[in-house]
Amino acid sequence: MPEIFERLNGKKSKDIKVLANFIAIFCRESHRAEAKSVFPVKDARLRHNLGNKDLVLCPACQKLLNHGIAKLLLCPYDPKPMCKKCETHCYAPGYREKIRKVMKFSGLYLVKHGRLDLMIHYWR
Ligand SMILES: [Zn+2]
């Protein structure tokens, strides 16, 4: 799906970065026993967007991140609203609950570890 990456803009780039980072924290902390591999990022812009670093995730989190990235890129709104305030529920059933859990877990994780700065930086 190379053409959907044409939709990558500033706001979406930031949101994808947040999504990837939050899923990475969640996977690292909650899926310690899972077998993990590097999340494949074929698109050069997306790779650059993610800071050119490898994301090591379990298969379930890779699926979730893939789904999230696709949904973000396909978001019909411009500018994209915050997902939790959005009326369109674009995530497939099951994924929405999962992503909520991830956001809550990783948000709390950052707060607990004194990385409020990081959260504010992400959400601004
Ligand atoms: Zn995981």
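The structure this text deals with has already been given above.
First, a word on scope: everything that follows refers to the structure included in this document. (Residues numbered from 1 in each chain as written. Predicted model: local features only at pLDDT ≥ 70, side-chain atom pairs only at ≥ 80, totals over all residues. Heavy atoms only, no water.)

Time to look at the overall build of the protein chain. For the protein chain, the helix and strand inventory stands at five helices and two strands. The helix and strand sequence of the protein chain, counted from the amino end, reads α-β-α-β-α-α-α. Relative to its length of 124 residues, the protein chain is compact, with a C-alpha radius of gyration of 14 Å against a globular reference of 14 Å. Overall, the C-alpha framework of the protein chain stretches about 35 × 30 × 30 Å when taken along its three principal axes. (Helix = DSSP H or I, 4+ residues; strand = E, 2+ residues; numbered from the N terminus. Rg over C-alpha atoms; globule rule 2.2 N^0.38 Å.)

Because each turn of an α-helix spans 3.6 residues, side chains separated by three or four positions end up pointing in the same direction. Over its 15 residues, helix 3 (residues 59-73) runs 21 Å from end to end, which matches the ideal 21 Å to within 8%, given 1.5 Å per residue. Contacts from the buried residues of helix 3 go to helix 1 (10-30), strand 1 (37-38), helix 2 (44-49), strand 2 (56-57) and helix 4 (95-112). (Expected span 1.5 Å × (residues − 1). Contact = heavy atoms within 4.5 Å.)

On to unusual backbone geometry, then. For Asn-52, which is not a glycine, the phi torsion comes out positive at approximately 55°. Mapped onto the secondary structure, Asn-52 falls in the loop between helix 2 and strand 2.

What follows is about the side chain of Gln-62. Relative to the helices and strands, Gln-62 is located in helix 3. Judged by relative accessible area, Gln-62 falls into the buried class, the value being 13%. A polar contact of 3.0 Å, which involves the side chain of Gln-62, links it to the backbone oxygen of Ser-37. With residues near it in sequence (within four places) discarded, Gln-62 still touches Ser-37, Val-38, Phe-39, Pro-40 and Leu-57. (Buried < 20%, exposed > 50% of the residue type's maximum accessible area, 1.4 Å probe, protein only. Polar contact = N/O pair within 3.5 Å; in protein donor to acceptor, adjacent residues only side chain to side chain.)

Moving on, we come to the environment of Asn-9. Tracing the sequence through the fold places Asn-9 in the segment before helix 1. By relative accessible area, Asn-9 is classed as partly exposed at 29%. Put simply, Asn-9 and Pro-79 are 70 residues apart on the chain and 10.0 Å apart in space, counted from C-alpha to C-alpha. Side-chain polar atoms of Asn-9 contact the backbone nitrogen of Lys-12, separated by 2.9 Å.

Attention now moves to the coordination of the zinc ion. Coordination of the zinc ion by the protein involves Cys-27 (SG), His-31 (ND1), Cys-58 (SG) and Cys-61 (SG), with metal-donor separations of 1.9 to 2.3 Å. Coordination at the zinc ion is tetrahedral: its four donor atoms span angles of 102 to 125° at the metal. (Donors = N, O, S within 2.8 Å, 3.2 Å for Na, K, Ca; no water. Tetrahedral: all angles 85-135°; square planar, octahedral: opposite > 155°, others 65-115°.)

For the coordinates displayed, the defined rule picks out one aromatic pair. Look at Phe-26 and Phe-105: their rings are 5.4 Å apart centre to centre, the planes differ by 85°, and that puts the pair in the edge-to-face class. Of this pair, Phe-26 sits in helix 1 while Phe-105 sits in helix 4; the two residues are 79 residues apart in sequence, bridging distant segments of the chain. Judged by its relative accessible area of 8%, Phe-26 falls in the buried class. Judged by relative accessible area, which is 30%, Phe-105 ranks as partly exposed. Taking NZ or CZ as reference, Lys-98 lies 5.5 Å from the ring centre of Tyr-95, over its face. (Phe/Tyr/Trp six-rings, centres within 6.5 Å; stacked < 30°, edge-to-face > 60°. Lys NZ or Arg CZ within 6 Å of the ring centre and 35° of its normal.)

Structural measurements only, silent on function.
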